[in-house]
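Here is what each chain is made of, one letter per residue.
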Amino acid sequence: AGFIGSHLSELLLTSGHSVTALDNLSTGTTDNLENLSRHSNFKMVQGDILNPGDLEGPVGESDLVYHLAASVGVRYVIDNPVATLEANTHGTSNVLKAARDLGGKKVVLASSSEVYGRSPNLPYNEDDILFLGPTSIPRWGYACSKMLDEFLALAHWKESGLPVVVLRLFNTVGPRQRGSYGMVIPRMVEQCLNNQPVTVYGDGTQTRCFGYVGDVAQAMADIVKVPEAEGQVFNLGNDVEISIRELAELIKRLLNSSSTIEQVPFETVYGSDFQDIPRRIPDLRKIKKYIKYNPQTELTQVILDIAAELGRKNPTEIRG
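Residues numbered from 1 in each chain as written. Predicted model: local features only at pLDDT ≥ 70, side-chain atom pairs only at ≥ 80, totals over all residues. Heavy atoms only, no water.

Chemist: Sorry if this is basic, but what is going on with the confidence of the model for the protein here?
Modeler: The predicted structure's coordinates, where accompanied by low pLDDT, should not be read in detail. Considering every residue of the protein, the mean pLDDT works out to 93; 96% of them sit at 70 or more. Predicted confidence for residues 313–317 stays below pLDDT 50, and this span has 7 contacts to residues more than four positions away or in other chains. (pLDDT = per-residue confidence, 0-100. Contact = heavy atoms within 4.5 Å.)

And the structure:
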């Protein structure tokens, strides 16, 4: 019922698969299931990966498991550090054990570009040395927990042959994403639609690469068809770089907004113990060797789709 999960579920159902979604609705919402509930091959089970018993039915009756259940967004991670670490460690362990014990089901683990931490090597390559900050900074706890997820998944692959594929997602964006958890594009879009000040955290020179959720979901569906991808780690996203200040200016221009752009210190938003990453760019060469992956959805179109989905204006009016 989350952002990426609902898009992936739609794609899989359209492709003729049956989908069972397990969600505790902590950050997901039943609104995201509106289109899914019309499909006879879709089933929603409200449960929690922290409860092993909740996994038995959904995992046992499935051939393939996409593990997307994790804490989401910088804001949520900072406000809920214990729940974040428990979901990312105990929850992932439970999913992998269930997949192993219930027939050796293939697992696609959604990891994060956060595991690269403060690595100075750009673009980030899957074989890079990972470089985190001190344990006193909550952000690195999240990064470490996602890294542990990867170690666990690959350990199951090596020890029991459990077929696993690890995907490191880089800033996936699109409709149904919400700004309340710290997601930058929907937050800025909503501010512009309301002609409120667009808040740029820090000095705005930090850069990110934004991958459209439709492109990401398609890659997630394609990679499972490649047996050679099992036991491996892949970056997944887009490698087109934009600064956060440029992003704010682009959104304001596209939405024809009278909003001003205001810089806000990171410590004002996230506290004094927050550390940011200046640049984050994925090396996509590896995944392109395994599947036909060429993300082509333009950021401008993604922004307009998000604005339209928020229900304030349609794209034609916004561009006008």
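Chemist: Explain the packing of aromatic side chains to me, please; I cannot follow it from the model alone.
Modeler: Ring pairs (aromatic) are described by centroid distance and by the angle formed between their planes. Per the stated rule, a full pass over the model turns up 7 aromatic pairs. Where Tyr-201 meets Tyr-270, the ring centres are 5.7 Å apart and the plane angle is 90°; that geometry is what we call edge-to-face. One end of the pair, Tyr-201, is in strand S7 (residues 198–201); the other, Tyr-270, is in helix H9 (residues 266–270), with 69 residues separating them in the sequence. Note on Tyr-270: relative accessible area 8%, which makes it buried. Here a set of aromatic residues connected by ring pairs shows up, and it is made of Tyr-201, Phe-266, Tyr-270 and Phe-274. When the ring centre of Tyr-116 is taken as origin, the NZ or CZ atom of Arg-168, which lies over that ring, is 4.9 Å away. (Phe/Tyr/Trp six-rings, centres within 6.5 Å; stacked < 30°, edge-to-face > 60°. Helix = DSSP H or I, 4+ residues; strand = E, 2+ residues; numbered from the N terminus. Buried < 20%, exposed > 50% of the residue type's maximum accessible area, 1.4 Å probe, protein only. Lys NZ or Arg CZ within 6 Å of the ring centre and 35° of its normal.)

Chemist: Can you help me understand the side chain of Gln-177 in this one?
Modeler: As for its placement among the helices and strands, Gln-177 is situated in the loop between strand S6 (172–173) and helix H6 (184–193). Gln-177 gets classed as buried once you look at its relative accessible area, which sits at 6%. Here Thr-172 takes part through its backbone oxygen, which lies 2.9 Å from a polar atom of the side chain of Gln-177. Once residues lying within four places of it in the same chain are set aside, the contact partners of Gln-177 are Phe-3, Thr-172, Met-183 and Pro-186. (Polar contact = N/O pair within 3.5 Å; in protein donor to acceptor, adjacent residues only side chain to side chain.)

Chemist: For this particular structure, what's the right way to read the sheet that holds strand S10 (residues 232–236)?
Modeler: What holds strands together in a sheet is hydrogen bonding between their backbones, with the strands either parallel or antiparallel. Pairing is parallel across the open sheet formed by 4 strands, whose spatial order is S3-S4-S5-S10. If you trace the sheet from one side to the other, it starts and ends with strand S3 (64–67) and S10, each paired once. Averaged over all pairs of adjacent strands, the angle between strand axes in this sheet comes to 20°, irrespective of strand direction. Pairing analysis gives 6 bridges linking strand S4 (residues 106–112) to strand S5 (residues 164–169), with the strands arranged parallel. Paired with Ser-112 across the strands is Leu-169, a residue of S5. (Pairing = 2+ DSSP bridges. Axes fitted to C-alpha atoms, helices over the stretch in contact; angles between N-to-C directions.)

Chemist: Just checking my understanding: could you explain the pattern of salt bridges for this structure?
Modeler: Oppositely charged side chains can pair when the atoms bearing their charge come close. Summed over the entire model, instances satisfying the criterion amount to 16 salt bridges. With a closest N to O distance of 3.7 Å, Lys-146 and Asp-149 form a salt bridge. You can see Lys-146 and its partner Asp-149 sitting in helix H5 (residues 138–160), 3 residues apart, about one turn around the helix. By relative accessible area, Asp-149 is classed as buried at 1%. For Asp-222, the salt bridge is made with Lys-225, and the minimal N-O distance between the two is 3.8 Å. Taken together, the salt bridges that share partners define one network made up of Glu-114, Arg-139, Arg-208, Asp-276 and Arg-280. (Salt bridge = Lys/Arg side-chain N within 4 Å of Asp/Glu carboxyl O.)

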